[in-house]
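For reference, the chains in residue letters:
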Amino acid sequence: MAYFSQQLINAITLGAIYGLIAIGYTMVYGIIGMINFAHGEVFMIGAFISLIGFMICAGLGISSAPVAILLVLLTAMAFTAVYGWTIERTAYRPLRGSFKLAPLISAIGMSILLQNYVQLAQGARPKPAASVVQGGYTLFSADGFDVRVTWLQIIIVVVTVALMAGFSWLIAKTPLGRQQRACEQDMKMASLLGVDVDRTISLTFVMGAALAAVAGMMFMMYYGVVDFFIGFLAGIKAFTAAVLGGIGSLPGAMLGGLLIGLIEVFWAGYFTSEYKDVAVFAILVLVLIFRPTGLLGKPEIEKV
Amino acid sequence: MTLQESGTLIEVEHLSMRFGGLVAVDDVSFAARPREITAIIGPNGAGKTTVFNCITGFYKPTAGRLTLRGEQEFLLERMLGHEIGQKAKVARTFQNIRLFPGMTVLENLLVAQHNKLMRASGMSIFGLLGLKRFRDAERAAIDKARGWLERIRLVVDADRPAGELPYGAQRRLEIARAMCTDPRLLCLDEPAAGLNPRESAELNELLVSIRDRDGVGVLLIEHDMSVVMRISDHVVVLDYGRKIADGPPDAVRNDPAVIRAYLGTAVDGPDA
């Protein structure tokens with residue numbers, strides 16, 4: 001029981017990170033129907049910017065952890081959002097209206113480009129990060145096993161839940177969210193009603209990138225090490241989460257992220273940690289075969 | 001000549017549209033005035049919808065000029081799709097219903113007013129902070145939407161997804177949504193298609209009120225001659241991409257070229 005509880009806490013933390021990345025995939029898919037394969041790299045860049053941010057904070061002598069975290073969080077979101085905007089502007093928008101595979105190929109190219117750029121700019125060796133938040137809270141002990149939840153885990157889950165709630169509100173209630181949903185359902189009609197479709201798509205990328213930056217920062221703090229290649233695996237897993245939840249569905253992405261976190265952690269905890277990625281990707285295959293619309297996705301309706 | 005009259009809202013001059021070898025619209029000129037309902041009629045494939053698609057920026061015309069007159073003049077054929085709605089204030093509906101089916105009835109009307117809202121909300125950032133300016137703009141938008149819901153009798157359905165409404169209600173909602181963009185010219189592509197006689201009569205009423213109460217110029221493609229003859233002020237007849245008649249409904253009804261185009265059947269009873 002104690003072991004199970006500990007695994008559950010770890011799984012929820014990981015699931016939160018995947019969920020944040022998955023939102024970026026699902027929103028972009030929802031609005032322009034393409035898988036943004038460079039999104040994992042955006043996450044990786046968010047992690048690197050956070051790492052640099054914490055080093056600058058330390059250099060400036062900001063010793064209070066909450067202040068440093070908040071500062072770095074906002075900076076990382078802002079800078080990564082600029083990356084997201086630029087990627088869309090340079091690699092995808094010129095190909096809009098081209099054949100369907102074109103932006104997908106462009107996305108893969110962008111992903112390789114960003115990996116290599118970070119590898120050259122930051123070096124290929126994994127970068128250790130000093131841990132900013134230490135300590136935790138022992139929930140209970142049983143069978144000689146302490147069930148602990150670290151402050152960092154609490155921060156990750158709280159920030160994620162807050163962001164997801166804010167984000168769902170943004171989509172459901174604000175003019176911007178209405179505009180995004182309108183573009184998602186009928187882009188041409190939205191444009192006729194005066195909605196600036198290009199700008200709405202740009203903002204979607206910006207928001208997805210900002211959330212990926214948060215995920216990157218959490219990942220960096222949680223694992224304490226980043227390298228230029230972390231975006232690949234985390235990106236594909238978050239993509240799996242988006243597909244599992246139903247691609248295009250926002251609650252689906254959150255649920256999918258949580259489930260992927262659970263599957264990965266429990267597989268590693270109860271079977272073998274070598275095969276945890278296999279377990280995750282087996283889910284991707286199974287979902288694509290047996291339930292391609294995902295858990296919360298709507299079946300594709302052919303647009304007239 | 002209509003074209004020289006000062007009270008012109010939209011002027012279509014020598015409009016041609018070719019798709020490869022097919023000439024869909026061939027040198028069509030006509031004008032529509034504000035506060036009038038101008039009907040475009042003609043047999044299937046006459047090029048009516050193509051004219052609409054040129055006006056609303058879906059197609060770039062092969063040749064010709066489309067001028068929207070008023071305080072400011074706009075050359076529609078040179079504008080981008082969303083600018084035609086935003087700046088030139090041309091709104092349209094389609095033959096098939098194109099509401100946002102997953103959004104509520106109210107949201108459909110709010111999307112049409114989003115320009116004002118986006119400006120007031122500073123890209124939603126001020127909206128997040130709940131600034132007064134944004135709240136006022138949001139309230140004004142909702143008031144306007146409610147006014148339209150009352151006019152089309154859908155107030156009780158405001159929070160239902162638009163896709164769940166009955167067909168006739170969806171048609172009315174589409175027109176209301178187009179009107180929420182504050183258009184100067186409203187282009188309706190077969191709004192009466194598939195409506196029962198009662199709904200069709202309601203639609204007539206709505207269109208007449210849009211003309212008289214809101215003072216908007218309406219361009220109407222319609223097969224239902226009872227609608228056309230009853231409410232339009234001016235009728236343009238197309239056949240095989242050419243204009244064959246242009247004038248008040250009574251004159252057009254008795255035009256021999258028009259009767260011929262409709263295969264000799266009486267104009268007031270073609271198979272629509």
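Student: Mind laying out the overall build of chain A, listing which residues take part and the relevant values?
Tutor: In terms of regular secondary structure, chain A is built from 11 helices and four strands. By the compact-globule yardstick of 19 Å for 304 residues, chain A fits well, its C-alpha radius of gyration being 19 Å. Referenced to the eigenvectors of the C-alpha coordinate spread, the extents of chain A come out at roughly 65 × 50 × 35 Å. Buried residues in chain A amount to 49% of all 304 residues. Put simply, 75% of the contacts in chain A that link residues at least 6 apart link residues at least 24 apart.

Student: Outline the nonpolar core, supporting the account with residue identities and numerical values.
Tutor: In terms of nonpolar packing, the biggest core is built from 169 residues, with I17, L20, I21, A47 and A215 of chain A together with L186 of chain B touching the most fellow members. If you tally residues by element for this core, the top one is helix α8 (residues 197-223) of chain A, at 17 residues. When residues of this core are assigned to domains, at least three map to each of domain 1 (1-89 + 184-272) and domain 2 (100-181) of chain B. Residues in contact with L20 of chain A, not counting those within four places in the same chain, are T160, L163, L211, A212, V214 and A215 of chain A.

Student: Before we move on, can you summarise the pairing of strand β7 (residues 185-189) of chain B with the specific residues and values?
Tutor: All names here are of chain B. Within β7, five of the five residues are buried, which leaves it mostly tucked inside the rest of the structure. Of the two faces of β7, the one carrying L185, C187 and D189 and the one carrying L186 and L188 are both buried. As defined by bridge partners, strand β6 (residues 90-92) adjoins β7 across three bridges and the pair is classed as parallel. Bridge assignment links R92 to a residue of β7, and that residue is C187. You can see the chain leave β7, run along helix α8 (residues 197-212) and come back into strand β8 (residues 217-221), and the turn it takes is right-handed.

Student: Give a description of the domain arrangement of chain B that names residues and reports values.
Tutor: Residue and element names in this part refer to chain B. The domains assigned to chain B are domain 1 (1-89 + 184-272) and domain 2 (100-181). Each partner contributes residues to the interface: domain 1 has 11 residues there, and domain 2 has 10 residues. Sorting the residues of the side of domain 1 that touches domain 2 by element identifies α2 (81-86), β7 and α8 as the ones contributing at least two each. For the side of domain 1 that touches domain 2, the element with the highest residue contribution is α8, accounting for three residues. For the side of domain 1 that touches domain 2, the per-class residue count stands at six nonpolar, three polar and two charged.

Student: Describe helix α1 (residues 2-32) of chain A, with residues and values.
Tutor: Taking 1.5 Å as the rise per residue, α1 of chain A with 31 residues should run 45 Å; its terminal C-alpha atoms sit 45 Å apart, in good agreement. Of the residues flanking the end of α1 of chain A, it is G33 of chain A, one or two places downstream, whose phi is positive at about 65°.

Student: Go over the interface of chain B and chain A, please, and point to the residues and values.
Tutor: Many analyses report the size of an interface as the accessible area lost when the parts associate. Counting from both sides, the interface comprises 25 residues of chain B and, opposite them, 20 residues of chain A. Every element with two or more residues in the side of chain B that touches chain A is listed here: α2, α3 (105-111) and α4 (114-120) of chain B. Classifying every residue of the side of chain B that touches chain A by side-chain character gives nine nonpolar, 13 polar and three charged.

Student: Describe the sheet that holds β8 of chain B, listing the residues and the values that go with them.
Tutor: Residue and element names in this part refer to chain B. Across the sheet, six strands lie side by side as β6-β7-β8-β3-β9-β10; this open sheet has mixed pairing. The open sheet terminates on both sides in strands that have one partner only, identified here as β6 and β10 (242-247). Averaged over all adjacent pairs, the angle separating strand axes in this sheet is 15°, with direction ignored. Across five bridges, the pairing between β7 and β8 is parallel. Across the sheet, residue C187 finds its bridge partner in β8, namely L219. Contacting β3 (37-41), β7 and β8, α8 crosses the sheet at an angle of about 150° to β8.

Student: If you had to explain helix α9 (residues 230-245) of chain A to someone new, which residues and values would you point to?
Tutor: All names here are of chain A. A rise of 1.5 Å per residue sets the reference length of α9, with its 16 residues, at 22 Å; its end C-alpha atoms lie 23 Å apart and thus fit the reference within 8%. Counting buried positions over the 16 residues of α9 gives 13, a clear majority of the element. Count one or two residues on from α9 and you reach G246, which has phi positive near 110°.

Student: I'd like to hear about the pairing of β10 of chain B, residue by residue, with values.
Tutor: Every other side chain in a regular strand lies on the same face of the sheet, so the side chains alternate between the two faces. Bridge analysis of strand β9 (residues 234-239) of chain B against β10 of chain B gives five bridges, and the strand direction is antiparallel. Residue V236 of chain B lies in a different strand from β10 of chain B, and its bridge partner there is D246 of chain B.

Student: Hey, could you go over the environment of L238 of chain B for me, with residue numbers and the actual values?
Tutor: Residues and elements named next belong to chain B. Within the secondary structure layout, L238 lies in strand β9. Sequence separation between L238 and G45 is 193 residues, and the spatial gap between their C-alpha atoms is 9.3 Å. Those residues within four positions of L238 in sequence are excluded, and the remaining contacts are V28, I40, G42, A46, G47, K48 and K243.

Scoring rules and cut-offs
- Residues numbered from 1 in each chain as written.
- Chains lettered and ligands numbered in written order.
- Predicted model: local features only at pLDDT ≥ 70, side-chain atom pairs only at ≥ 80, totals over all residues.
- Helix = DSSP H or I, 4+ residues; strand = E, 2+ residues; numbered from the N terminus.
- Rg over C-alpha atoms; globule rule 2.2 N^0.38 Å.
- Buried ≥ 20, exposed ≤ 12 C-beta atoms within 10 Å, placed from the backbone.
- Contact = placed C-beta atoms within 7 Å.
- Core = buried A, V, L, I, M, F, W, Y, C linked by C-beta atoms within 7 Å.
- Domains from an automatic or database assignment.
- Pairing = 2+ DSSP bridges.
- Right-handed = clockwise from strand over helix to strand, strands pointing away.
- Nonpolar A, V, L, I, M, F, W, Y, C, P; charged D, E, K, R; others polar.
- Expected span 1.5 Å × (residues − 1).
- Axes fitted to C-alpha atoms, helices over the stretch in contact; angles between N-to-C directions.

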